[in-house]
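# Per-entry structural report
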Amino acid sequence: MLMMDLLKAGMPAISGITSLLRFTALKNLLSVPSMLTARLMSSGASQPDLLAIRDELEKFEGGSVDLEMDDHSGIAVMMLNNPKRLNSLTGKMMVDMANHITALENWSLGKGLVLVGASGNFCSGGDLTFVRKALHYGEEMAAFQHDTLTRLLNLPLVSVALLQGHTLGGGAELSTACDFRVMSSSARLGFVQIRMGLTTGWGATTRLVRLFGRQKALAYLTSAKVFSAEEAEKEGLVDHVLSYALQPEEELSVCKDWLATNYCKHDANLTQAVKASIVQCDLSGDLVDSLRNERQVFGKFWGGPAQKAALEAKIKHK
Ligand SMILES: CCC(=O)SCCNC(=O)CCNC(=O)[C@H](O)C(C)(C)COP(=O)(O)OP(=O)(O)OC[C@H]1O[C@@H](n2cnc3c(N)ncnc32)[C@H](O)[C@@H]1OP(=O)(O)O
């Protein structure tokens, strides 16, 4: 059975939606176990209670994640919307994103997805206001984010993260859950978790090793280097750098065109079938084991003295 069929099995269909949507009402859809959860269950590993974690995360309010699905072009835009805090993620935004991914898993006319931040920044990681209140809840949050971002990575759509302004910490992790990364010429990208007294909480260690190999992953995560667009392109961390002549507000439409003309110009069923086949090849037990290990390590540091010292220090990752 194809990944796409598995994802859709048992899920209520959602008809075409073209307006800006907030899917708080889709709570019930999350009761269907994702591939990651299904694998955890079949591997006999203790299963995180994602529904209980979602209810807890939802209490950490602030910001939103918004979804626009255009049936005509087959391209959706998912926007991180917490601009006063550079689109850093609150618990509520994590839940919004999970709900939208359920909608995208069921979008029969879809071909592509752009993940973008509001007002010229991609995402500066976890919202530190939320982080300070959730220091007891690291491994649970990581389990939720692992599930959501594995589902994002495995969507039957071609996805691209548009990196504008700051992409730091958890923001950099989010960008690795997309198939491609397009970067604004003035943007900055860095896996700065170690400077915050942390390891990766949202699955980027596992994805970086798969994307770039062990040595590069080790270098990015231990150096906490913040890359310019030119450096990131040279490293292969990003697939395309936008022209410096573009205004930030023009970049989303240029990024959509880049996605549409390169990877979404053919039939939606075929595009989805290609992506689903690739996901099927890529699914293996070691992904689950690796993510489980990653969040156990993360859980040891979250709320620990190094993280608390970093939070006190109000570091700026320039
Ligand atoms: C899950 C684990 C992780 O994600 S660890 C990584 C967490 N992220 C960070 O530590 C980022 C810390 N912030 C910074 O390094 C700087 O704000 C950067 C991004 C370089 C921007 O600097 P600059 O251009 O001078 O702007 P600024 O510092 O005045 O920021 C504007 C307002 O945004 C806020 N902001 C920024 N990042 C976050 C965040 N992660 N959580 C909550 N708020 C954030 C700043 O506090 C600032 O707010 P305000 O205007 O002072 O009210």
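Computed from a predicted model, the values in this text were never measured in an experiment.

With mixed pairing, six strands are arranged side by side in an open sheet as β1-β2-β3-β4-β6-β9. Whereas interior strands pair on both sides, the edge strands pair on one side only; in this sheet they are β1 (64–70) and β9 (240–241). Here strand β2 (residues 75–81) runs beside strand β3 (residues 112–117); their pairing, made up of six bridges, is parallel. From the neighbouring strand, Ala-76 faces β3, where its bridge partner is Leu-113. In the packing of helix α11 (residues 248–263) onto the sheet, the strands contacted are β2, β3, β4 (158–163), β6 (180–183) and β9, and the crossing angle to β4 comes to about 150°.

Time to look at the site of the ligand. Every one of the 19 residues lining the ligand counts as a neighbour, but Ser-124, Gly-126, Leu-128, Lys-316 and His-317 are closest to it. Separating an oxygen atom of the ligand from a side-chain N or O atom of Lys-316 is a distance of 2.9 Å. Lys-318 is positioned with one of its side-chain polar atoms (N or O) 3.1 Å from an oxygen atom of the ligand. Expressed as a share of its isolated accessible area of 950 Å², the protein-covered part of the ligand is 70%. Its residues assigned to classes, the shell around the ligand shows six nonpolar, eight polar and five charged.

The rules behind the values
For every chain, the first residue of the written sequence is number 1, and numbering continues from 1 onward in sequence order. Thresholds applied to this predicted model are a pLDDT of at least 70 for local features of residues and 80 or more for the giving and counting of side-chain atom pairs; totals over whole chains, interfaces and linings are not thresholded and use all residues. For the side-chain quantities, the full set of heavy atoms in the structure was used; hydrogens and water were omitted. Strand pairing requires that DSSP identify at least two bridges connecting the strands. Strands are runs of DSSP state E lasting at least two residues, helices are runs of H or I lasting at least four, and both sets are numbered from the N terminus onward. Residues count as neighbours in contact if any of their non-hydrogen atoms are within 4.5 Å of one another. Axis definition: a line fitted to C-alpha atoms, limited for helices to the stretch in contact. Angles are taken between N-to-C directions and run from 0 to 180 degrees. Nearness is judged by heavy atoms alone; a residue qualifies as near a molecule or strand once a single heavy atom is within 4 Å of it. In protein, a polar contact requires one atom able to donate a hydrogen and another able to accept it; more generally it is a pair of N or O atoms within 3.5 Å, and residues adjacent in sequence count only if both atoms are side-chain atoms. Using a 1.4 Å probe, the Shrake-Rupley method yields the accessible areas, and only the shown protein chains count as cover for residues. The nonpolar class holds Ala, Val, Leu, Ile, Met, Phe, Trp, Tyr, Cys and Pro. Asp, Glu, Lys and Arg form the charged class, and all remaining residues, Gly among them, are polar.

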